[in-house]
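# Fold and contact review
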Amino acid sequence: MTSVFSHGRLRLYLLKLLDDGPKHGYELIRLLEDRFLGLYAPSAGTIYPRLQRLEAEGLVSHTAAGGRKTYEITEAGRGELRQRADELAALESDIAASVEDLSALAGEIRSEVRGSVRDLKRELREAARQTRQRRSRWEPSYAPAPPFPPGPQPRPETGDAVLTEFDERLAAFAAEVGRLVRARRFTDSQVRTAIRLLDGALDGLRRLLR
């Protein structure tokens with residue numbers, strides 16, 4: 001759980017969200033995730049026990065329909081919100097500051113991932129260039145006579161064709177990684193794992209192409 005919700009402040013914010021209207025637990029999780037721009041989302045194991053305690057204290061109640069519980073604030077819960085209005089205002093301010101910090105960190109991580117992808121693409125292209133140079137040195141300068149009269153034969157895949165396919169696969173790989181980074185909101189752990197995977201792939205290719 002993010003530190004902004006330490007010391008029982010999450011229960012206060014749950015009351016605030018329920019004061020806006022009845023909600024089930026999943027809605028509360030999504031509202032919190034949206035409030036933190038997708039950079040933090042509490043688990044069901046974090047939300048539901050607190051809702052149960054709030055209900056035990058008479059601050060919320062619930063109705064059940066279709067196997068889903070919908071929670072709503074009680075008059076006692078609204079009374080607690082009024083009594084703790086100053087705490088709630090301070091909490092809102094802290095959440096805004098936390099979101100700003102998390103957004104800045106996410107921007108730095110995304111920049112690091114994009115930099116890793118660019119480095120990988122550049123080094124793979126350099127490896128392909130070196131492979132072409134080695135191939136040109138190894139190929140003989142003459143064409144040996146065929147042992148049999150020429151006839152219809154399947155056309156073998158040439159070195160240039162293989163390298164062209166390599167370049168196409170490389171471009172598609174970089175484009176797909178870039179699309180995934182832009183389309184999804186990653187956690188810090190997911191992004192750092194992705195960076196390690198890219199580094200591992202690059203090390204493996206370096207060893208292969210030496």
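One structure accompanies this document, and this report is about it. Only a predicted model underlies this, so the values are computations on that prediction, with no experimental measurement involved.

### Let's talk about the overall build of the protein
Secondary structure summary: the protein contains 7 helices and 3 strands in total. Mapped in sequence order, the helices and strands of the protein form the string α-β-α-α-β-β-α-α-α-α. With 210 residues in all, the protein has 30% of them scored as buried. When contacts within the protein are restricted to residue pairs at least 6 apart in sequence, those whose partners lie at least 24 apart make up 68%. Surface exposure of the protein reaches about 13,800 Å², of which carbon and sulfur atoms provide 53%.

### A closer look at the nonpolar core
Among the nonpolar cores identified, the biggest contains 26 residues, and Phe-5, Tyr-13, Leu-14, Leu-32 and Ile-95 are the most heavily contacted of them. Counting residues per element, the ones that place at least two in this core are helix H1 (9-19), helix H2 (25-35), helix H3 (44-56), strand S3 (68-73) and helix H5 (85-138).

### Thoughts on the sheet that holds strand S2 (residues 60-65)
In space, the 3 strands of this open sheet follow the order S1-S3-S2, with antiparallel pairing throughout. Only two strands of the sheet have a single partner each, and these edge strands are strand S1 (23-24) and S2. Bridging between S2 and S3 involves 6 bridges; their strand directions are antiparallel. Of the residues in S3, the one forming a bridge with Ala-64 is Lys-69. Along the sheet, H3 contacts S2 and S3; its crossing angle with S2, the most-contacted strand, is approximately 115 degrees.

### Concerning the environment of Arg-9
Mapped onto the elements of the fold, Arg-9 is located in helix H1. Sequence-wise, Arg-9 and Leu-91 are 82 residues apart; in three dimensions their C-alpha atoms are separated by 7.6 Å. Beyond its immediate stretch of four places on either side in the chain, Arg-9 contacts Val-4, Glu-87, Ala-90, Leu-91 and Asp-94.

### Details of H3
One turn of an α-helix holds 3.6 residues; hence residues three or four places apart share an orientation. Under the 1.5 Å per step criterion, the end-to-end length of H3 is 18 Å for 13 residues, consistent within 8% with the ideal 18 Å. For H3, the set of buried residues is Thr-46, Ile-47, Leu-51 and Leu-54. All buried residues of H3 project into a common sector of 115 degrees when viewed along the axis, lining one side. More than 90 degrees from the buried face of H3, the exposed residues found are Gly-45 and Ala-56. Among the structural elements, H1, H2, S2 and S3 are those in contact with the buried residues of H3. Two residues or fewer after H3 comes Gly-58, characterised by a positive phi angle close to 80 degrees.

### Structural notes on the pattern of salt bridges
Counted under the stated rule, the structure contains 11 salt bridges. With a closest N to O distance of 3.6 Å, Glu-92 and Lys-16 form a salt bridge. Of the two residues, Glu-92 is situated in helix H5 and Lys-16 in helix H1; the sequence distance between them amounts to 76 residues. Residue classification places Glu-92 among the partly exposed residues on the basis of a relative accessible area of 24%. Judged by relative accessible area, which is 22%, Lys-16 ranks as partly exposed. A salt bridge links Glu-80 to Arg-84; the shortest N-O distance between them is 2.8 Å.

### Quick look at the packing of H2 against H3
Here H2 crosses H3 at 120 degrees, and the two axes come no closer than 10 Å. Taken together, the axis directions place H2 and H3 in an arrangement best described as oblique. By crossing handedness, the relation of H2 to H3 is classed as right-handed. Between H2, through Gly-25, Tyr-26, Leu-28, Ile-29 and Leu-32, and H3, the contact on the second element is made entirely by Ala-44, Ile-47, Tyr-48 and Leu-51. Each residue belonging to the contact of H2 with H3 can be placed in one class, and the counts come to 8 nonpolar, 1 polar and no charged.

Conventions and cut-offs
- As a convention, each chain's residues are numbered from 1 in the sequence order in which they are written.
- Restriction of local features to residues with pLDDT of at least 70 applies here, the model being predicted, together with a cutoff of 80 or more for giving and counting side-chain atom pairs; totals for whole chains, interfaces and linings are based on all residues.
- Side-chain measures were taken over the full set of non-hydrogen atoms in the model, leaving aside hydrogen atoms and water.
- Each helix is a run of H or I in the DSSP string that is no shorter than four residues. Each strand is a run of E no shorter than two, and both are numbered from the N terminus.
- The cut-offs for exposure are 20% and 50% of the maximum accessible area for each residue type, with area from a 1.4 Å probe on protein chains only; residues under the lower value are buried, those over the upper are exposed, and the others partly exposed.
- By definition in these notes, contact holds between two residues if any of their heavy atoms fall within 4.5 Å.
- Surface accessibility follows the Shrake-Rupley procedure with a 1.4 Å probe radius. Residue values consider only the protein chains on display as shielding.
- Side-chain atoms within 4.5 Å are what join buried Ala, Val, Leu, Ile, Met, Phe, Trp, Tyr and Cys residues into a set we call a nonpolar core.
- Note: two strands are recorded as paired if DSSP finds a minimum of 2 bridges between them.
- With axes taken as lines fitted to C-alpha atoms, and helix axes fitted only over the stretch in contact, angles between N-to-C directions fall between 0 and 180 degrees.
- Under the convention used throughout, the expected extent of a helix is 1.5 Å for every residue step, that is, one less than its residue count.
- It is the directions from the helix axis to the C-beta atoms whose arc is reported.
- A side-chain nitrogen of Lys or Arg and a carboxyl oxygen of Asp or Glu constitute a salt bridge if their distance falls within 4 Å.
- Should an angle fall under 35 degrees it is taken as roughly parallel, and over 145 as roughly antiparallel, whereas 65 to 115 is taken as roughly perpendicular and any remaining angle as oblique.
- Helix crossings fall into two classes, left-handed where the near helix is turned counterclockwise from the far one by less than a right angle and right-handed where it is turned clockwise.
- Any residue that is not Ala, Val, Leu, Ile, Met, Phe, Trp, Tyr, Cys, Pro, Asp, Glu, Lys or Arg is counted as polar, Gly included; the first ten are nonpolar and the last four charged.

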